[in-house]
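Survey of secondary and tertiary structure
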Amino acid sequence: DIVDYSYLSTWLSPRENQRLLNGLYAAFHLVLKKRGGYLNKISGDSLMFHFGGVIDPMTAGLAPEDAEPLIARLLFLTCIEIQESCRLFNHADEGFIIKNIDPQTRTELDQAFLIIRNLRENLSMVSSVSDLFQTRIRIGASIGDVCIGMFGPEGAKQWDVIGVPVIEARRMES
């Protein structure tokens, strides 16, 4: 979840908001792909991901008591790395970006970095936003049994993950 995103979004046009979020989520997705996590959904200013389950080749054949420590380690490392990528993103620092990145992701990051630099360097905004501008995130994490599948009415079903761990992780964000 992006902290105070409603405040930040007031400084940007709808297109700039889209580009900033696309860049930030692209940075987070690089971390997820590196760690083997699955992007479940993006809902406005929040992103949900998961590890494990029947679709995860790392844990598919493991007994629950063997899968849980692996998932816990991956989840912990991913949360730390996402926080670090957010810090580097705030500085429009390309240090965390892998060398052989696909062109679409490269474009999304470049556009987002341009917006960040503009927020910090635009003379009309200097006193208002540049010193204060930091994209901050909150992360909630939980482990446990969930249901992964298609939910919703016929014709509008969407892939999702539901269960008590999802609710607990969402509550931890604040």
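Notes on the structure follow. Just so we're clear, the structure is a prediction, and the values are computed from it rather than from any experiment.

**A closer look at helix 2 (residues 14-35)**
The end-to-end C-alpha distance of helix 2, which contains 22 residues, comes to 31 Å, matching closely the 32 Å that a straight helix rising 1.5 Å per residue would cover. The complete set of buried residues in helix 2 reads N17, L20, L21, G23, L24, Y25, A26, A27, F28, L30, V31 and L32. At its buried positions, helix 2 is contacted by helix 1 (5-9), strand 1 (38-43), strand 2 (46-50), helix 3 (64-90) and helix 4 (103-121). A positive backbone phi angle near 90° is found at G36, which sits one or two residues after helix 2.

**Quick word on the pairing of strand 3 (residues 147-151)**
For a regular strand, side chains alternate in direction, first toward one face of the sheet and then toward the other. With 5 bridges connecting them, strand 3 and strand 4 (residues 158-162) associate as antiparallel partners. Paired with C147 across the strands is I162, a residue of strand 4. Taking the residues that link successive antiparallel strands as the turn, the strand 3-strand 4 hairpin has 6 residues, and the phi of G152 there is positive, at about 120°.

**Observations concerning the pairing of strand 2**
Counting buried positions along strand 2 yields 5 of 5 residues, so the element is predominantly enclosed. A two-sided burial pattern is seen for strand 2, the buried positions comprising S46, M48 and H50 on one face and L47 and F49 on the other. Relative to strand 2, strand 1 runs antiparallel, the two being bridged by 5 bridges. Counterpart to L39 in the pairing with strand 2 is F49. Count of turn residues in the strand 1/strand 2 antiparallel hairpin: 2 residues, of which G44 carries a positive phi of about 65°.

Conventions used here
Residues numbered from 1 in each chain as written. Predicted model: local features only at pLDDT ≥ 70, side-chain atom pairs only at ≥ 80, totals over all residues. Heavy atoms only, no water. Helix = DSSP H or I, 4+ residues; strand = E, 2+ residues; numbered from the N terminus. Expected span 1.5 Å × (residues − 1). Buried < 20%, exposed > 50% of the residue type's maximum accessible area, 1.4 Å probe, protein only. Contact = heavy atoms within 4.5 Å. Pairing = 2+ DSSP bridges.

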